[in-house]
Amino acid sequence: MLTRKQHELLMFIHERIKETGVSPSFDEMKEALDLASKSGIHRLITALEERGFIRRLAHRARALEVVKLPQQATTAAPPKGRGAFRPQVFEGGGAPPSTTASAAPANDSRELPILGKIAAGTPIDAIQHERERLPVPESMLGNGEHYVLEVQGDSMIEAGILDGDYVIIKKGDTATSGEIVVALVGEEATLKRLRKKGGSIALEAANPKYETRIFGPDQVEVQGKLVGLIRRYH
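For the structure given in this document, a descriptive report is provided here. Keep in mind that this is a model prediction, so the values were computed, not measured. (Residues numbered from 1 in each chain as written. Predicted model: local features only at pLDDT ≥ 70, side-chain atom pairs only at ≥ 80, totals over all residues. Heavy atoms only, no water.)

For the rest of this paragraph, the subject is the overall build of the protein chain. When helices and strands are counted, the protein chain shows 3 helices and 15 strands. Contacts spanning at least 24 positions in sequence make up 64% of the contacts within the protein chain whose residues lie at least 6 apart. On the protein chain, roughly 11,800 Å² of surface is accessible, and the fraction owed to carbon and sulfur atoms is 48%. (Helix = DSSP H or I, 4+ residues; strand = E, 2+ residues; numbered from the N terminus. Contact = heavy atoms within 4.5 Å. Areas by Shrake-Rupley, 256 points an atom, 1.4 Å probe, with all protein chains shown as cover.)

Turning to the environment of E138, a few remarks are in order. Along the chain, E138 falls in the loop between β8 (132-137) and β9 (146-152). What makes E138 buried here is its relative accessible area of 15%. With 28 residues separating them along the chain, E138 and R110 place their C-alpha atoms 6.2 Å apart. (Buried < 20%, exposed > 50% of the residue type's maximum accessible area, 1.4 Å probe, protein only.)

Trans is the prevailing form of peptide bonds, just as negative phi is the prevailing case for residues other than glycine. Here the phi dihedral of D34 falls at roughly 60°; this positive angle occurs in a residue that is not glycine. Looking at the element boundaries, D34 is found in the loop between α2 (26-32) and α3 (38-50).

Let us look at the nonpolar core. Counting 19 residues, the largest nonpolar core has I118, L149, I161, V167, I169 and L191 as its most contacted members. Formed by 18 residues, the second largest nonpolar core is a distinct cluster that contains M11, I13, F53 and L69. (Core = buried A, V, L, I, M, F, W, Y, C linked by side-chain atoms within 4.5 Å.)

A separate point is α3. Here α3 is 13 residues long and its end C-alpha atoms lie 18 Å apart, about the 18 Å a rise of 1.5 Å per residue gives. Residues G40, I41, L44, I45, A47 and L48 constitute the buried set of α3. Down the axis of α3, the buried side of the element spans an arc of 160°, and every buried residue falls inside it. Exposed residues lying more than 90 degrees from the buried face of α3 are R43 and E50. Taken together, the buried residues of α3 touch α1 (4-20), α2, β1 (54-56) and β2 (64-66). Immediately beyond the C-terminal end of α3, within one or two residues, lies G52, with a positive phi of roughly 80°. (Expected span 1.5 Å × (residues − 1). Arc of directions from axis to C-beta.)

This paragraph deals with the pattern of salt bridges. What the rule picks out here adds up to 11 salt bridges. Residues E111 and R133 are paired through a salt bridge, measuring 3.9 Å at the closest nitrogen-oxygen approach. Linking E111 in strand β6 (residues 109-119) with R133 in strand β8, this pair joins segments that are 22 residues apart in sequence. Put simply, D154 and K209 hold a salt bridge, and the shortest N to O gap is 3.0 Å. Here K209 lies in the loop between β13 (200-204) and β14 (213-215) and D154 lies in the loop between β9 and β10 (166-171), a separation of 55 residues in the sequence. (Salt bridge = Lys/Arg side-chain N within 4 Å of Asp/Glu carboxyl O.)

With 17 residues, α1 should reach 24 Å at 1.5 Å per residue; the first-to-last C-alpha distance of 24 Å fits that figure. When we look at burial in α1, the residues that qualify are Q6, H7, E8, L9, L10, M11, F12, I13, H14 and E15. At the exit of α1 stands G21, carrying a positive phi of roughly 80°.

Let's shift gears to the packing of aromatic side chains. Within a pair of aromatic rings, the relevant descriptors are the distance that separates the centres and the angle that separates the planes. Applying the stated rule across the entire model yields 0 aromatic pairs. Lying across the ring of F53, K68 places its NZ or CZ 4.7 Å from the centre. (Phe/Tyr/Trp six-rings, centres within 6.5 Å; stacked < 30°, edge-to-face > 60°. Lys NZ or Arg CZ within 6 Å of the ring centre and 35° of its normal.)

Across the 5 residues of β13, 4 count as buried, placing the element largely inside the fold. Summarising the sheet, strand β12 (residues 188-197) and β13 pair through 5 bridges and their orientation is antiparallel. Paired with R195 across the bridge in β13 is A202. Hairpin connection of β12 to β13: 2 residues between the antiparallel strands, including G198 at a positive phi of 60°. The pairing of β13 with β14 spans 3 bridges and is antiparallel. In the strand pairing of β14, L203 is matched with R213. (Pairing = 2+ DSSP bridges.)

The next subject is the packing of α1 against α3. At their nearest, the axes of α1 and α3 sit 10 Å apart, and the two run at 85° to each other. Here α3 runs roughly perpendicular to α1, going by the angle between their axes. The segment α1 lies against α3, with K5, Q6, L9 and L10 engaging I41, L44, I45, A47 and L48. Taken together, the residues that form the contact of α1 with α3 break down as 7 nonpolar, 1 polar and 1 charged. (Axes fitted to C-alpha atoms, helices over the stretch in contact; angles between N-to-C directions. Parallel < 35°, antiparallel > 145°, perpendicular 65-115°, else oblique. Nonpolar A, V, L, I, M, F, W, Y, C, P; charged D, E, K, R; others polar.)

Next comes the structure, spelled out in structure tokens:
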């Protein structure tokens, strides 16, 4: 089981080696994962090496080899920019993407309940009861309780969240300013970026078509925060 940062770094290294034949520098890895220092990269690489996902090649500078990948992971490098949501997108149907011959997929997943639809646009009805279950790679999850919602709408497209995606939500009632959350406003639920502004709560879209909505602190109830998403291709 990988943490989110371990998974992001593994996929970034894998994609860079595929593109250039050379593993990225520590500075490039630090920038891609938006870390403050290279010591964090050293710790992530050591953890990936201990878990058998990468191997250091002797007598070569910047020489890392990807040994295996988490099951069904896409190879998109994480976007840059401090505070930006980095969607971990996993294909939820069809054959998994091809990998190099040495990259054998790991097979760790957990079935999570799909609780209904969530609006990425105008709020829709509050979260429903479980309708089915969806296998989710353990690399997207950590401690705590998680659930899945189907996205309806286009208000979060600039955060990489599209209509029809399945978002993975870690259940909880608190969030840091800037995180994307499931927010309950009255009897309606919506997926938005939460900003704390003085004594008010702002719910921001990631699409210029939609206005930011401002509420009092007692009007917004956080139901959980976004940790990843699954995209099905038909």
